[in-house]
Amino acid sequence: MTNLYTEKNTINSSDKIIITEVMYKNNLQFYTMLKLLLKCGFSDKQLIVFQDTLIKNSSICNKEMLSKILLRNNAIASEGTRKYEDFCLLVNTNEHCDVKMWIELMDVSIELMYIKGLILEESKIYAKNQYRDLISSINDKLSLEFDMSNLNMPYGQRVISSLLVFALTNVERKDEFLLETSGKVVKSFHIKLKSIMNHYSINCDNMFSLIMTESMNQSITSEAGQSYESRVSEILTPIVDKIDGHSHDSKIPSVEYDFTFEINNKKCGISAKRTLRERYKQNFEHVELLDVDFMFLFTLGIDLNEDKLNNILQKHGIFVVVAHEVYETKSYLKNCDRVISSDHLSTEELEKIISIKMLKEEELQV
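About the thresholds
Residues numbered from 1 in each chain as written. Predicted model: local features only at pLDDT ≥ 70, side-chain atom pairs only at ≥ 80, totals over all residues. Heavy atoms only, no water. Helix = DSSP H or I, 4+ residues; strand = E, 2+ residues; numbered from the N terminus. Buried < 20%, exposed > 50% of the residue type's maximum accessible area, 1.4 Å probe, protein only. Contact = heavy atoms within 4.5 Å. Areas by Shrake-Rupley, 256 points an atom, 1.4 Å probe, with all protein chains shown as cover. Pairing = 2+ DSSP bridges. Salt bridge = Lys/Arg side-chain N within 4 Å of Asp/Glu carboxyl O. Axes fitted to C-alpha atoms, helices over the stretch in contact; angles between N-to-C directions. Parallel < 35°, antiparallel > 145°, perpendicular 65-115°, else oblique. Left-handed = near helix turned anticlockwise from the far one by under 90°. Nonpolar A, V, L, I, M, F, W, Y, C, P; charged D, E, K, R; others polar. Polar contact = N/O pair within 3.5 Å; in protein donor to acceptor, adjacent residues only side chain to side chain. Core = buried A, V, L, I, M, F, W, Y, C linked by side-chain atoms within 4.5 Å.

1. Let's talk about the overall build of the protein chain
Check the secondary structure of the protein chain and you find 14 helices and 8 strands. The proportion of buried residues among the 366 residues of the protein chain is 45%. Restricting to contacts in the protein chain with at least 6 residues of sequence separation, those with at least 24 account for 65%. Accessible surface, the protein chain as shown: approximately 19,700 Å² in total, 52% of it carbon and sulfur.

2. Concerning the environment of T275
Looking at the element boundaries, T275 is found in the loop between β5 (266–272) and β6 (294–298). Separated by 25 residues in the primary sequence, T275 and L300 have C-alpha atoms spaced 6.3 Å apart. When sequence neighbours within four positions are dropped, the list of residues in contact with T275 reads T299, I302 and D303.

3. Quick notes on the pairing of β5
In terms of residue burial, β5 counts as a mostly covered element, since 5 of its 7 residues are buried. In this sheet, β5 lies alongside strand β4 (residues 259–263) in antiparallel orientation, the contact comprising 5 bridges. Its bridge partner lying in β5, E262 is registered against K267. Connecting β4 to the next strand, β5, in antiparallel fashion are 2 residues, including N264 with a positive phi near 55°. Of the strand pairs in this sheet, β5 and β6 are connected by 5 bridges, and their pairing is parallel. Paired with C268 across the strands is F294, a residue of β6.

4. Regarding the pattern of salt bridges
For the structure on display, the rule yields 12 salt bridges. We note a salt bridge from D86 to K39, for which the minimum N-O separation is 3.9 Å. With a gap of 47 residues between them, D86 in helix α4 (residues 82–91) and K39 in helix α1 (residues 21–40) connect regions that are remote in the sequence. Notably, a salt bridge pairs K242 with D244, separated by 3.9 Å at the nearest N-O pair. Note on K242: relative accessible area 42%, which makes it partly exposed. Each of K39, R82 and D86 takes part in a single network of salt bridges with overlapping partners.

5. A word on the packing of α1 against helix α5 (residues 99–135)
Orientation of α1 relative to α5, taken along the N-to-C sense of each, is 50°, at an axis distance of 10 Å. Regarding the angle of α1 to α5, the classification is oblique. When the axes of α1 and α5 are compared, the crossing they make is right-handed. In contact with N26, Q29, F30, M33, L34, L37 and L38 of α1, α5 contributes M101, W102, L105, M106, V108, S109, I110, L112, M113 and K116. Within the contact of α1 with α5, the residues separate by chemical class into 13 nonpolar, 3 polar and 1 charged.

6. A closer look at the environment of N92
Along the chain, N92 falls in the loop between α4 and α5. N92 sits 28 residues away from E64 along the chain, and the two C-alpha atoms are 9.5 Å apart.

7. Side note on the sheet that holds β6
Ordered by their spatial adjacency, 6 strands build an open sheet running β1-β4-β5-β6-β7-β8, and the pairing between neighbours is mixed. Each edge of the open sheet carries a strand with a single partner, namely β1 (242–244) and β8 (339–341). Going across the sheet, the axis of each strand differs from the next one's by a mean of 25°, ignoring polarity. As paired elements, strand β7 (residues 318–322) and β8 share 3 bridges and run parallel to each other. Pairing of V322 across the sheet is with S341, part of β8. Across the sheet, helix α11 (residues 306–313) lies against β6, β7 and β8, angled at about 145° from β7, the strand it touches most.

8. What about the side chain of N94?
Structurally, N94 can be placed in the loop between α4 and α5. On the accessibility criterion, N94 (1% relative accessible area) is buried. Among the polar contacts listed, one links the side chain of N94 to the side chain of S67, at a separation of 3.0 Å.

9. Quick word on the packing of helix α2 (residues 44–56) against α5
Here α2 crosses α5 at 155°, and the two axes come no closer than 10 Å. Taken together, the axes of α2 and α5 are roughly antiparallel relative to one another. Between α2 and α5 lies a crossing whose hand is left-handed. On α5, the residues that touch D44, L47, I48, F50, Q51 and L54 of α2 are W102, I103, M106, D107, I110, E111, M113 and Y114. For the contact of α2 with α5, a count of residues per class yields 10 nonpolar, 1 polar and 3 charged.

10. Quick look at the nonpolar core
Membership of the largest hydrophobic core comes to 49 residues, with the highest contact counts inside it found for F30, F50 and F87. For this core, the secondary structure elements donating two or more residues are α1, α2, α3 (63–71), α4, α5, α7 (152–169), α8 (183–200) and α9 (204–222). Considering every element that reaches this core, the biggest residue donor is α5, with 13 residues. Beyond its immediate sequence surroundings of up to four residues, F30 is in contact with L105, V108, S109, L112, I196, I202, C204 and M207. Formed by 47 residues, the second largest nonpolar core is a distinct cluster that contains Y257, F319, A323 and L350.

Set out below in structure tokens:
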């Protein structure tokens, strides 16, 4: 049987890039091993035991013997557990390539698992520092400017992560890695990278970037930044008398409040929707039918057109708060006394609009 890595693979210097079948298969093999190793969710200690076991048995040429040695090691994974099942899948990938190639690719894969955490943490810290510097200069947290700044942290993490992956996997890199203590590890790692690149045409930085992107997305999702609702709550807390969390109206349970607050002994409900889409049709009834005296829709306003606004304001006692950048560019928003710019939110402004609304209702009753 011809080993996959024995065929010469080259990308020529012409305009056309030639990717051979062997190059494709070897890189697919490497990515699959990385993916399954990540799925195993090994601790650092388990990875060390796994790697040491591989190195001690690197002279073995028999696939079945190597598989038995690995799977019998309870310090890596205990039989009968989900981790063991995932480990079996990983070990079985040695069926698709030469044992020597598999051991070398797995060794590098384990090294990348160590480094993955380092990259995630460094990119997170860097992006967070950049994010803090940016938002500290923005006072209006309901503005479009602040909303867009929230993209800086997740996008920044992805960007710096990508740059760090290249820094780590670039075998031509001469200087030390960002952390001085990591220098020796990275030098040794580069030797291994050069080996698998030269022998098996593995494009390590691209394959690892795929894994890092998946891990980064999970990290960003699990540590998502402030939501639009939390920003609304943060803005309102110091300017109203009392604010409570999520609830449903007792008279019409289908009406949902993201928050309720009180000001001048009047209870107000809040529906906070960063963008409206078709949801603007929900949650709005005449306030005479509800537990609250007034209802406020908080939204950026980027998809709030005049027809939507008119539909919402057909109901009595409803006010709309939009980002000041949108408010300033739309005449139908500026000309409506029931629309409030985000930069005008204050205790005085809320008291004023509520008083004006109550006065108009009294005049109508007379």
